[in-house]
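Coordinates in review
Below, each chain spelled out in residue letters.
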Amino acid sequence: MAAGEKIKAKIKKNLPVRGPQAPTIKELMRWYCLNTNTHGCRRIVVSRGRLRRLLWILFTLTAVALIFWQCALLISSFYTVSVSIKVHFQKLDFPAVTICNINPYRYSAVRDLLADLEQETRGTLKTLYGFSEITSRKRREAESWSSAREGTGSTFLNLVPLLAFEKGETSKATDFRTGRKRKVSGRIIHKSSDVMHVHESKEVVGFQLCSNDTSSCAVYTFSSGVNAIQEWYKLHYMNIMAQVSPEKKINMSYSAEELLVTCFFDGESCDARNFTRFHHPMYGNCYTFNKGENETILSTSMGGSEYGLQVILYINEEEYNPFLVSSTGAKVIVHRQDEYPFIEDVGTEIETAMATSIGMHLTESFKLSEPYSRCTEDWSDVLIKNIYNATYSLQICLHSCFQAKMVEKCGCAQFNQPLPQGVNYCNYQQHPNWMYCYYELHQDFVREELGCQSMCKEACSFKEWTLTTSLAQWPSEVSEKWLLSVLTWDQGQIKKKLNKTDLAKLLIFYKDLNQRSIVESPANSIEMLLSNIGGQLGLWMSCSIVCVIEIIEVFFIDSLSIVARHQWHKAKEWWARRQASTCPEAPPSPQGQDNLGLDVDDDLPTFTSALCLPPAPGGQVPGTPPPRYNTLRLDRTFSRQLTDTEVPAES
Amino acid sequence: MHIKKYLLKCLHRLQKGPGYTYKELLVWYCDNTNTHGPKRIICEGPKKKAMWFVLTLLFTSLVCWQWGVFIRTYLSWEVSVSLSIGFKAMDFPAVTICNTSPFQYSKVKHLLKDLDELMEAVLERILGPELSHVNATRALNLTIWNHMPLVFINEQNPHHPVVLDLFEDNYNGSASSSPAPGRTCSAHECKVAMRLCSHNGTMCNFRNFSSATQAVTEWYTLQATNIFAQVPNQELVAMGYPAERLILACLFGAEPCNYRNFTPIFDPDYGNCYIFNWGMTEKALPSANPGAEFGLKLILDMGQEDYVPFLTSTAGARLMLHEQMSYPFIKEEGIFAMSGMETSIGVLVDKLERKGEPYSQCTVNGSDVPIRNLYSDYNTTYSIQACIRSCFQDHMIHNCSCGHYLYPLPRGEKYCNNQEFPDWAYCYSALRMSLAQRETCIDVCKESCNDTQYKMTISMAVWPSEASEDWIFHVLSQERDQSTNITLNRKGIIKLNIYFQEYNYRTIEESAANNIVWLLSNLGGQFGFWMGGSVLCLIEFGEIIIDFVWITIIRLVALAKSLRQRRTRARYDGPPPTVAELVEAHTNFGFQPDTATHGPDARPHPHEQTPPIPGTPPPNYDSLRLQPLDVIESDNEGDAI
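Residues numbered from 1 in each chain as written. Chains lettered and ligands numbered in written order. Predicted model: local features only at pLDDT ≥ 70, side-chain atom pairs only at ≥ 80, totals over all residues. Heavy atoms only, no water.

Brief notes about the overall build of chain B
- For chain B, the helix and strand inventory stands at 23 helices and 20 strands.
- Counting only residues that meet the buried cut, chain B has 49% of its 641 residues in that class.
- Considering only contacts within chain B whose residues lie at least 6 apart along the sequence, 73% involve residues at least 24 apart. (Helix = DSSP H or I, 4+ residues; strand = E, 2+ residues; numbered from the N terminus. Buried < 20%, exposed > 50% of the residue type's maximum accessible area, 1.4 Å probe, protein only. Contact = heavy atoms within 4.5 Å.)

Right, here's the structure in full:
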C-alpha cells in the first residue's frame, strides 16, 4: 500500500495531469469556439443576436457538410486512371509471324487413316443429295482407290448417325444408313443458333449424340447439309487424329522447305532455318518467323514493304482434304514472341495467285492492375492451370479453363487444345460417348455457365498490331512465265512445274515506325488527394489537420474527461450521502486527498493559458498581483457563476 | 544632417519589430501567425507544448516534402491526352495513284534491250542450261554483266564453297572448278549470289540469296537503276503512263472531274504518279458527308500488257492517302488495289496533335533538324520519312560520292551509274545493310508534332460484273482511244471508291497535364491541409525572418560598439560608465534591449558587471510588458501611422 502510494505520488509529480480547458462541457465548447483555428465557430460565439447566431450555426454546419460530401467524392474517385497516349518513332521489334497452310495434312499422307470416313461421307452425300461422283477433280487416283473399298461396314454412321428430319416433326427422322424412319428421342438443339429457326427448308439435317448410358440424347440440327456434314466429319476426324502420335502427325504435315519457296527479310535472304515449327491440331505444321528462339529478336529500322518480311508460299491445292477444309490459301497471324498464336480464332487468310500486302501499326497498351481495373500481369492470381507454354492472355486462360473442365467432366482432353499432364485425347475407343459430353460442355461454355469467363481476367499489357491488308494480282501477266519457272527451280523438291494458283505472296511490314503506347496511370496520388482535401477544408472552413487534431482533443478527450469527472463527482457525492445517511458518525472522507474535483482543480490550467494569453516569463509583477481566478474558483464547485465572471474578462 | 535624421528615423521605425529578443519575437510570431500549429505551442501546458512542437515540425516537413513532390511533377512536363471522335466536314485527303509498273515497256524497250537479253540468258542458264543455245544465238553485252555478275555458290562442302560464274567457264576464285556437272546446279546444291566488287575488282563481296528468284530480281533492279539514272527526268516522265491513259473516269461527290484535276509527280519506284486534291495550287476540297456517294470514285486502267516484265511482278495500282501538302511515300505507306476489282476504302482520319517542347520531343516544321530536307523542292511539309531519306542520301553522297536514284538529288550531285562510279553498287549495298547508318538517321530525325494517319477499311468486289462488262469496256475504250475496238480488259481495269466513314475523325490532342494553376492549387491545398496556411502566412514568416535579421544586426552592432568602447576604456582606463552613458548607448542603437548589451558583456568581463548601476536599475521591460500585448500592439500601430 505504501509502495503504491509512493508510485502514485511519483507519477503525479512527474506527469501532472492536465485537465480540459474548461470545467464543463458548455465552457469547453465556448472555449473551443473562441480559440479554434477554424473559421465560423468563433462567429457563433461572438455574434450578437439570436438570428445571427443561428445563421452562423447554419453556415458552419453547411460548411461541415459540404466538406464531408466533397471529401467523400474525392476519396471515392481515388482509384481512377488517366490515360496517356504517346507516340515514339524508333526502331521496332518485328513481331513473330506465324504462317499456316489452311489444310493441316497432306491428303496423300493421311488418306490411309481417313479412308473409311471419306467413303462413308461420300455415301451419305449420295443418299441424301444424290451426289454421285466427283467428275472434275484432280484427285483421280483417290477416287478409284476409295471405290475399291466399297462395302466395308459403316462404323462411323453407327457411332454417330446422321439424320434427316422432316419439316415439323422432329421426333421422326430418316437414318441415312438404313434409310428407315426411326423414332428419335431427345432434345433438339439447333447448332447454328437457338433463335433463328429456318422454317422454309424442307428438311433439317443433324446428328444425335447420346451420353454413356444412352439415356439422355441430344440431337444437333443444322439448317444446311454443308454445315452438318462438315461438323460431323470434323468430329470423326478429331477422333481418328487423336490416336495418331505427334511425331507422325508432324511428318504427315508440310515441311518448312516445302511451304516456303522464298523468304526475304529487311533486304536480306532468309530461309526455312529462320522459321520455328509449331504444330497445331487443326492446321498442322505452322511456321513462326522471328520466334526469338536464341534470344535474338529481329527488328526493323525502316518502314516499308522492302524492309519487312516477304515470303512466297507454296500451297498445294491437290493435297487438300475435301471435307475438312473448303477454302484454299494460308493463314497468317501476327503476334508477340512469347504469345501463343490462336490461328483458329484470329488470323488473316491469304489467297493464292495474289500478293497480300499487310502493313502494320504497333499499339502497345498498359493497364493498371488491381485496384484500378480487373486485369492480371501473369498467371499468379488466376486459378486456372496454364496448359500452353506461353505467357498469359485471356484466350489462353479460356482455353485452358475449358480443357480443364473437359478433363474433369468427360475424362479426356479435347483434340484442339494442348494436352494437360496425365490425360489422353478423347477418342471413341476409350471414351465412347465423349462427343455428347463435349457438345454439352461446349454449350455451357458458350452460355458462360462454366464460370470460365468470370475466372479469367484480361491481361494488363498487350501489344496490338493493326493490320491494313491489300491485295494485288501476282504474278503479273508478263512476268508470270519467267517467275514461275524460276520459282519451280527454287522449290527444288517438287518435280512438276508450279502453277500460279499454287503460290501466294505475302508481304508483312511496318508501315512506319510510329509506335503508339496507351498507358494508364493513376489519376490521383496520395499527395494529390491530401492536397485536394486540404483545399476543400481550407475553402469552406479554413481548417487544417491541426483543426482536426483540435477537434479530436476537445470533442473526444476533453469532453469525455469532463463527463467522466462529472460522473465521478456525482458518484462520490452519492456515496458520501449514503455513508452519511447510514452511519452519520463516520468521518467525512478526506476531501483534499480523494476528491478528484479538488485534485484536478489544482492542475487546471491557469486562466492565462486557457485564454491563450502570452505567457509571462517573470509572471509575478510587483505590486498588485492580477487576480488569480483559480483561487477564486477553488472554493466553489463548477458553477454558472464562473461564466459571469469570465465574460467581462474575455471581452 | 536632415537626411541622416530621416534615415535614423527610418531605421528606428523599421527595427520596431514585435520584440527585442529572439524569444519575444518567436512568441509573438507563434501567437499571431495564421498558421495553425504554432499557436498551440505557446498556449498549452508543457507536455502538450512539446507535443505541438513536434507536430508542427512534422507538419512543416511534410508540407515541404509534398511541395517538393509537386514541383518535381510540374517540372516533368507531363501531358494529358484528350480524345475526340465524331464526324465533321473535313478536307478530303490527298489521294496519290500510281501504276505498279513505272514505265510502259513499249517505250523503254530500247533502253532495257541489252539487259533483258542478259536476263533471259541468265534464266536459261539457271533453269536448264542448253549451252549451245545461249552462246550461239545472242551476242550478249557483257559490259553490264561484268559490273555485277551473278554467280553460283555450291555449298555442298561448307568449308570449301565452290564459286561458279554463270557465264565464265573458269572462274579463278574456285580452286576446284569442277567440270560440266558443276555448271548445272539444282536449288539443293547451289545458291545464286551477286558479286559486288570495288577498286577495279580487287575487293569483292558476295551478296547471298536463298532463292534464285530474289537474286535475279535484285540484280535486275540494280542494273535497271543504273540505266535509268542516266536518263534525264523529262524522258523518264515521257516513258511512264500518262494521266489520260491511266485515269479513265473520275467523280468527286456529285461533281465530275478528270485527269486534269490530278497533279503529276514522278516517283522513282512507280514512275508517274498522280495526286488528287494535293492542295498545292488550289484550296483543298472538303467533304461534308459520309458515305460512298460523297467520296471519290475513280476508274483506272493499269494496262497490264505493257508492264516491264522483269522489273515488277505484282500487277495492280498503288495508292495512298495522305495529308495535303505532304509528300507521298507511296512505296512505304501505299496499298495495292487489284485489277478487275472494285476496291472500296472507308477513311477515318486519325490525327495526333502534340505540344512541342518541353512536353514532347517533336518538331513543328523541321527547321530544328540538322538534316537538309531534300524533298523541300516539292514544296512539301516536313515528315520523318522525308528526313530519313534525306539522311540516307546524305550518307550515300558522303560514302559513295553519288546520289541514289530513288531519292532526290542535292544540288551539284549526280546519280550513281556504272560508268562514272563503278564501285557504287558495292558501296550502296554495304550502306543499305549497315544498321549504324539507319540508327543514326533515326536518332537525328525528329517526329513531327502533328501526325495524321488515314485508317482505311478496305473491301473488294468483282468489277465489272459479267453482265455489265461488255458495255462498260466499250464505253471506256471509246472515250479514251476513240476506237470502236475494245482496248480494255479485266486484267487492267480498277474501280476505286474512297469515302469518309460515318465517324471520320479521331483526334488525340495533348494538353499540359500540370499547369501553373494546378501547381498553385495543390501547393495551397497541401499547406492548407497540414497547417492551415496560405501565402500570407509565408509573408508573415518572411517578415519574422527580417525581424530576426534585424535583431541579429542590432546585436552585432551592439557587440561591435561595446568592443570598441571596451577598447577605449581599456586605453583610458577611465571610470566605469554611468547610467547616463548606458542610456546614451541605448538611444543610439535604438531601444536596444538591455539583455543584449548585458548578455555578451557579462561573460567576458564579469568584474565590470559588479560595479555599475548605482541608484535605480534600468527598467525591466519584460515586467512592464506583463500587462500585455495589447499595449505593445497599440504602440506599434501608433508608430506605424
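What about the overall build of chain A?
- Across its full length, chain A holds 21 helices and 22 strands.
- Across the 651 residues of chain A, 50% fall into the buried class.
- When contacts within chain A are restricted to residue pairs at least 6 apart in sequence, long-range pairs at least 24 apart make up 74% of them.
- When the accessible surface of chain A is summed, it comes to about 32,400 Å², and 56% of that surface belongs to carbon and sulfur atoms. (Areas by Shrake-Rupley, 256 points an atom, 1.4 Å probe, with all protein chains shown as cover.)

A few points about the UniProt feature "transmembrane region" (unreviewed entry) in chain B
Residue and element names in this part refer to chain B.
- Here the UniProt feature "transmembrane region" (unreviewed entry) sits at residues 50-70 and 529-558.
- Counting secondary structure, residues 50-70 comes out at 100% helix and 0% strand; the distance between its end C-alpha atoms is 30 Å.
- What you have in residues 529-558 is 90% helix and 0% strand, and the ends, taken at the C-alpha atoms, are 43 Å apart. (UniProt positions renumbered as here; feature names shortened; annotations may be inferred.)

As for the interface of chain B and chain A
- Taken together, the contacts link 94 residues of chain B with 90 residues of chain A.
- In total, about 7,900 Å² of surface goes out of reach between chain B and chain A, with carbon and sulfur atoms giving 61% of it.
- In terms of surface lost to chain A, no three residues of chain B exceed His36(B), Arg438(B) and Phe529(B), which account for 9% of the buried area on that side.
- At the boundary of chain B and chain A, one finds 6 salt bridges.
- The salt bridge partner of Asp350(B) is Arg516(A), with a shortest N-O separation of 2.9 Å. (Buried area = accessible area lost by both parts, 1.4 Å probe. Salt bridge = Lys/Arg side-chain N within 4 Å of Asp/Glu carboxyl O.)

Some thoughts on the state of the cysteines
Residue and element names in this part refer to chain A.
- If you walk through the whole model with that rule in mind, you get 14 disulfides over all chains.
- Each sulfur in the disulfide pair Cys 375 and Cys 460 lies 2.0 Å from the other. On the sign convention where negative is left-handed, the bridge of Cys 375 and Cys 460, at about 90 degrees about the S-S bond, is right-handed. Placement of the pair is Cys 375 in strand β19 (residues 375-376) and Cys 460 in the loop between β20 (458-459) and β21 (461-473), with a sequence separation of 85 residues. (Disulfide = S-S within 2.5 Å.)

Concerning the sheet that holds strand β6 (residues 190-198) of chain B
Residue and element names in this part refer to chain B.
- Across the sheet, which stays open at both edges, the 4 strands sit in the order β5-β4-β6-β7 with antiparallel pairing between neighbours. Sheet topology places β5 (162-165) and β7 (203-208) at the edges, where each strand pairs with a single neighbour. Across the sheet, the mean angle separating the axes of adjacent strands is 35 degrees when strand polarity is ignored.
- Of the strand pairs in this sheet, β6 and β7 are connected by 6 bridges, and their pairing is antiparallel. The residue bridging Ala 193 from the neighbouring strand is Asn 208, located in β7.
- Sitting on the sheet, helix α9 (residues 212-229) touches β4 (150-154), β6 and β7, and the angle it makes with β6 is about 25 degrees. (Pairing = 2+ DSSP bridges. Axes fitted to C-alpha atoms, helices over the stretch in contact; angles between N-to-C directions.)

Observations regarding the confidence of the model for chain A
All names here are of chain A.
- When the pLDDT values of chain A are averaged, the result is 77; 75% of them are 70 or greater.
- Confidence scores differ between elements of chain A, with helix α18 (residues 596-603) showing the lowest mean pLDDT of 42 and strand β16 (residues 330-335) the highest of 93.
- Contacts from residues 586-621, a stretch scored under 50 in pLDDT, to residues over four places away or in other chains number 51 contacts. (pLDDT = per-residue confidence, 0-100.)

Some details on the sheet that holds strand β13 (residues 284-289) of chain A
Residues and elements named next belong to chain A.
- Here 5 strands make up an open sheet; going across it, the order is β12-β13-β3-β16-β17 and the pairing antiparallel. Unpaired on one side and paired on the other, β12 (275-280) and β17 (348-350) mark the two borders of the sheet. Ignoring which end each strand starts from, the neighbouring axes of this sheet average 30 degrees apart.
- Bridge count between β12 and β13: 6 bridges; the pairing is antiparallel. Bridge pairing links Thr 276 to Thr 288 in β13.

A word on the domain arrangement of chain B
- We note that the domain assignment places domain 1 (1-77 + 515-560) and domain 2 (86-106 + 229-511) within chain B.
- In this structure, domain 1 of chain B and domain 2 of chain B have C-alpha centres spaced 68 Å apart. (Domains from an automatic or database assignment.)

A word on the nonpolar core
- Ranked by size, the top nonpolar core spans 129 residues in total, and within it Leu150(B), Trp219(B) and Tyr220(B) carry the most contacts.
- If you tally residues by element for this core, the top one is α9(B), at 10 residues.
- If near-sequence neighbours (up to four positions away) are discounted, Tyr220(B) is found in contact with Leu112(B), Leu115(B), Asp116(B), Met119(B), Val308(B), Phe310(B) and Leu311(B).
- Cys397(A), Cys401(A), Val423(A) and Cys437(A) belong to the second-largest nonpolar core, a separate cluster that totals 69 residues. (Core = buried A, V, L, I, M, F, W, Y, C linked by side-chain atoms within 4.5 Å.)

Some thoughts on the UniProt feature "transmembrane region" (unreviewed entry) in chain A
- The feature "transmembrane region" (unreviewed entry), as annotated in UniProt, sits at residues 54-79 of chain A in this numbering.
- In residues 54-79 of chain A, helix accounts for 88% and strand for 0%; the two terminal C-alpha atoms are 39 Å from one another.

Quick notes on the pairing of strand β3 (residues 96-101) of chain A
Residue and element names in this part refer to chain A.
- With respect to burial, β3 is a largely interior element, 6 of its 6 residues being buried.
- Here β3 shows a buried face lined by Ala 96, Thr 98 and Cys 100 and a second buried face lined by Val 97, Ile 99 and Asn 101.
- With 6 bridges connecting them, β3 and β16 associate as antiparallel partners. For Asn 101, the partnering residue across the bridge sits in β16 and is Ala 330.
- As judged from the 4 bridges shared by β3 and β13, these two strands associate in the antiparallel manner. Counted as the bridge partner of Thr 98 is Thr 288 from β13.

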